[in-house]
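Summary of the model geometry
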Amino acid sequence: MRSRPPTPRRVLPRLLPHLLPRLLPMALIAASAGVAALAAPTVAQAATVGASTPFTSLEAESGTPLGGASTAALTAPPTTRFSSAALEASGHSYVHLAGTGQGVQWTNSTGQPISFLNVRASIPDAPSGGGATATLDLYVDGAFRQTLNLNSKQSWIYEGTNYNNGDDKNPADGSPRDFWDEAHAFVTGAAIAPGSTFSLVKDSANAATSYDVDVVDVENPPAPLAQPANSISITSCGAVADNTPTNGSGDPGAQDSTAAIQNCINQAQSQNKILWIPQGTFYLKGTTGLNATGITIAGAGMWYSTIYRQVPLPNSQPLAAVFSVTSCVVQNFHIDSNATSRGTAGGDGGAMDTTGTNWVADGMWNQHVESGFWASGSGGTVKNSRVTTEWADGINLNNVSLTGTTGSNLTATNNFVRGTGDDAMAINSVAYNTNGSSTTYYTAMSNVTLTNNTLVAPWGGKGIGIYGGSGHHVQNNHISDTARYIGLGAGRFGVNGSDLTGATVSGNLVERSGGNGYDQGQPAFQIGNGGDGQNTGVVDSVNATNNTISHSLYDGIGFSQSTNTTLANNTVTAPWRNGIVIQPPFYPAPSGSASITGNTVSGLGNGFSPYLNNSGGFTANVSGNSWQGTTTPGGPYGGTPAAVPGTVQAENYDTGGEGVGYHVTSVNGSGNSYRSDGVDLEATSDTGGGSNVGWTSGGQWFHYTVNVATTGTYTVSLRVAAPSAVTGALHLANASGTNLSGAVNLPQTGGWQTWTTVTTTVTLPAGNQVLTLAEDAGGWNINSLGFATGGGTPPNPNLALNKPATASGSVQSYGPGNAVDGNTSSYWESANNAFPQWIQVDLGSATSVGRVVLDLPPSSSWGARTQTILIQGSTDGTTYTTLAPSRGYTFDPNSGNTASASFAAANVRYLKVTVTANTGWPAGQLSELQAFAT
């Protein structure tokens, strides 16, 4: 029922990429001040969207199945929070080889010879876990060419007993994730010529019971680079290559070159020389990493030079990154490891932790480590690099790596990331970290640029996460195939993250993204402090333009609480749910503001909407969008704000249509006879005639623009009709979402057209303003709202509203204060799996209480549930008496998700609600705890 918890490592997350057309080899970067860079072939001009790569990615489902091989694909939104092979596949599809002779075939249409293959595939885990090895055969033009080594040692995590963990390798625990791994090899013999066919085939000698093939990257790498002048080769310091192919683990007989390489690094630093890594695989054995400052570390190319970390498993020692580098240039080599899970026991450490100034990473390929790049400092760049099959983030630009406390003017451009266990790419600004009694504060990140990156199939995170800071530019990136979470998010990370106070997000393509992590149905593109921001902090001035959101798994674009957002000229195509939604399920937006103009939504399914505003307090200026046609922007009905004091007719809600002037879950009534955009209107028999608003339902709302003559407290007389009494029927809020009236209860009037007056009070500033009539439960009609000066305390008020609240515990930002704030969209949630749990409100003094009303958020995404609850009272906070004995209270979204208890009135100061069971979630949950005298 809440967003993804913070990632343990330094509280920050990590990310991943996708595949694009083949161009020319990646370039090496220009030298930064004081640090040499090697010459290299010129890089091709960047693609319009995504990275320009030296390889072409051929999806298996785009090939030709052989011998009865079958294709599997995701065909509908996930109905479970758990993963599947299709959900984690690029393109959300793959080819399954179950029998001998089955395979998948492609034609080399790249126009270039193919001499190198990188295969993303999956074979079954060993029955007791730990993985297995197997081969798969390569055929060229129908003739056998070679076997390819595959393994499942570095995949297959289980979360049936611990959702979203990264360490459980026991198949008995069920619910697997991380199905895919990647293996690469040069083609034996002649390269695959243009126009030739090649295929991956399960032959009788291939021992796995089945093979799933996702995608193959094909290329023709350039020749190895030669050792540059003014360099020291690690072999001159005693490093020894071991070229036995690795396959989920290294050669146990390989020599440990850690000390030799570190000795060479030290010499390069003292002699101002380049550190050279020649062709071959060089091992670091153990948990020690390498440290360097102010030098260039260069290899013969990512296809030729490898640093391989072999950690004894299971491991119990802390792991530094393979390289911890300050103000260095690193380029043209491959980093790999034998890590089998995300955690210390699995031997998982990062590839490259970086800080300093003007650092560069260029032409790198990092695999099977915790993070590809974890980098802080100023003026640094990651470019032309690959990060694939990672346990955590792909490229995480932050302000905490190593000794760094800042992150400014950092750039990630033209990189390819695929298959990460956390965010494929992130701007991750931390405000502070706490370690015991010590707190370290960091400077908010600024001016970070992410451009022309391809980010594919992160199985445990977002495509791109923009978490805090200011002045960022995220442009022309290609994000696709998230398995569980948001594709592109602009917000902040956790309670200790920095606020986001400015970002430009433009020209990005987000395909087949979003996910059902934590059963939340997350949108493809999300703006606001919901989710990883845990509904706290500021998200302001996000400028999102000209982005394309295609085939999202749920909503295309979602807003949680955020201000001054510009959403302009974006395209949402064929979402599996709605187009653009303010306050989608689990992403509260009690207040906020946005300009939503010139956007196009198309390809909606039956019953879904191009635009919804589910918040009564989020102000959206909506104009010129595809769904509006000639509809005018929102404003007062008739063009003039209603006068206060005075009477506001309920049928005269603001113009602008759905999500602007009103939000309803279905259109009823015959309101078009009164106004062309009338909804939920019917003729009234109340005095004065005209129309009333009916068909009320929890979560609906209507806006009214009013002009208040003078600042003050006003009595509001509501003309209502209700066949049965309705508890917590409605409330009035301002444009910021502040509940002005508290919950208003309606008595039984005897019929839909039997009218009475119910009063409440609100305090209003002078001038024009928008008021929201928020429907918190259905079962009533309203005809008018009369505002009179001199308002006092309404009869039978909610005694608990805005009073101090405490609890036995809470998770994330779902504290007890949420249950007394008058906002049913916010809520308290106790610690999980630890009944009993309690929440208590201090009424300030002993007060007569005879009825308690309990609420959950009215959204239909909160399924029906029964909570077992005991209600007690106390005058001193020590000795409690039972007001209502423990029993089950049913909360049903179809009736407003509310329950009540009436009992013999008692004088109490402290009102305590204890929850001992909940059929919907293993915790106590309340969005409002209301107390009344009667």
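The name an unreviewed UniProt entry assigns to the protein chain is Mycodextranase, from the organism Catenulispora yoronensis.

Here we take up the packing of aromatic side chains. Within the structure shown, the criterion is met by 23 aromatic pairs. Their ring planes at 55° and their centres at 5.6 Å tell us that phenylalanine 323 and phenylalanine 333 sit as a pair that is tilted. Remark: phenylalanine 333 occurs in the loop between β21 (329-331) and β22 (334-337) and phenylalanine 323 occurs in strand β20 (residues 323-326); sequence separation between them is ten residues. Classification of phenylalanine 333 by relative accessible area gives buried; the value is 0%. Measuring from ring centre to ring centre gives 5.3 Å for tyrosine 611 and tryptophan 627, while their planes differ by 10°; the resulting arrangement is stacked. Taken together, the residues span a long stretch of sequence, with tyrosine 611 in strand β54 (residues 611-613) and tryptophan 627 in the loop between β55 (618-623) and β56 (642-644) at a distance of 16 residues. Relative accessible area serves as the criterion here: at 2%, tyrosine 611 is assigned to the buried category. For tryptophan 627, a relative accessible area of 23% translates into the label partly exposed. Within the aromatic cluster, the residues linked to one another by ring pairs are Phe116, Phe186, Trp303, Tyr304 and Trp365. Seen from the ring of tyrosine 163, arginine 81 lies directly overhead, with NZ or CZ sitting 4.5 Å from the centre. Arginine 851 extends its terminal NZ or CZ atom over the ring of phenylalanine 932, reaching a point 4.5 Å from the ring centre.

Once that is clear, we can look at the sheet that holds strand β8 (residues 143-151). Across the sheet, five strands lie side by side as β2-β5-β12-β7-β8; this open sheet has antiparallel pairing. What marks the edges here is a single partner per strand, and that holds for β2 (64-66) and β8. When the angles between neighbouring strand axes are averaged without regard to direction, this sheet yields 25°. Pairing analysis gives eight bridges linking strand β7 (residues 133-140) to β8, with the strands arranged antiparallel. The residue bridging alanine 134 from the neighbouring strand is leucine 150, located in β8.

Moving on, we come to the pattern of salt bridges. Two side chains that carry opposite charge are able to pair once their charged atoms sit near each other. Enumeration according to the criterion identifies 15 salt bridges in this entry. With a closest N to O distance of 3.8 Å, glutamate 182 and arginine 120 form a salt bridge. With glutamate 182 in strand β11 (residues 181-186) and arginine 120 in strand β6 (residues 116-122), this pair connects stretches of sequence that are 62 residues apart. No difference in accessibility class separates glutamate 182 from arginine 120, as the two residues are buried. Residues joined in a network through salt bridges with shared partners are Arg120, Glu182, Asp214, Asp217 and Arg418.

With respect to the helices, strands and loops of the structure, alanine 807 is situated in strand β68 (residues 805-807). By relative accessible area, alanine 807 is classed as partly exposed at 22%. Excluding anything up to four places from it in sequence, alanine 807 contacts Pro816, Trp828, Trp838 and Ile839.

Glancing now at the confidence of the model for the protein chain. The predicted model of the protein chain has a mean per-residue pLDDT of 90, with 93% of residues at 70 or higher. Note on residues 1-47: pLDDT is under 50 here. Beyond four places in sequence and across chains, it has 237 contacts.

Criteria and cut-off values
- Residues numbered from 1 in each chain as written.
- Predicted model: local features only at pLDDT ≥ 70, side-chain atom pairs only at ≥ 80, totals over all residues.
- Heavy atoms only, no water.
- Phe/Tyr/Trp six-rings, centres within 6.5 Å; stacked < 30°, edge-to-face > 60°.
- Helix = DSSP H or I, 4+ residues; strand = E, 2+ residues; numbered from the N terminus.
- Buried < 20%, exposed > 50% of the residue type's maximum accessible area, 1.4 Å probe, protein only.
- Lys NZ or Arg CZ within 6 Å of the ring centre and 35° of its normal.
- Pairing = 2+ DSSP bridges.
- Axes fitted to C-alpha atoms, helices over the stretch in contact; angles between N-to-C directions.
- Salt bridge = Lys/Arg side-chain N within 4 Å of Asp/Glu carboxyl O.
- Contact = heavy atoms within 4.5 Å.
- pLDDT = per-residue confidence, 0-100.

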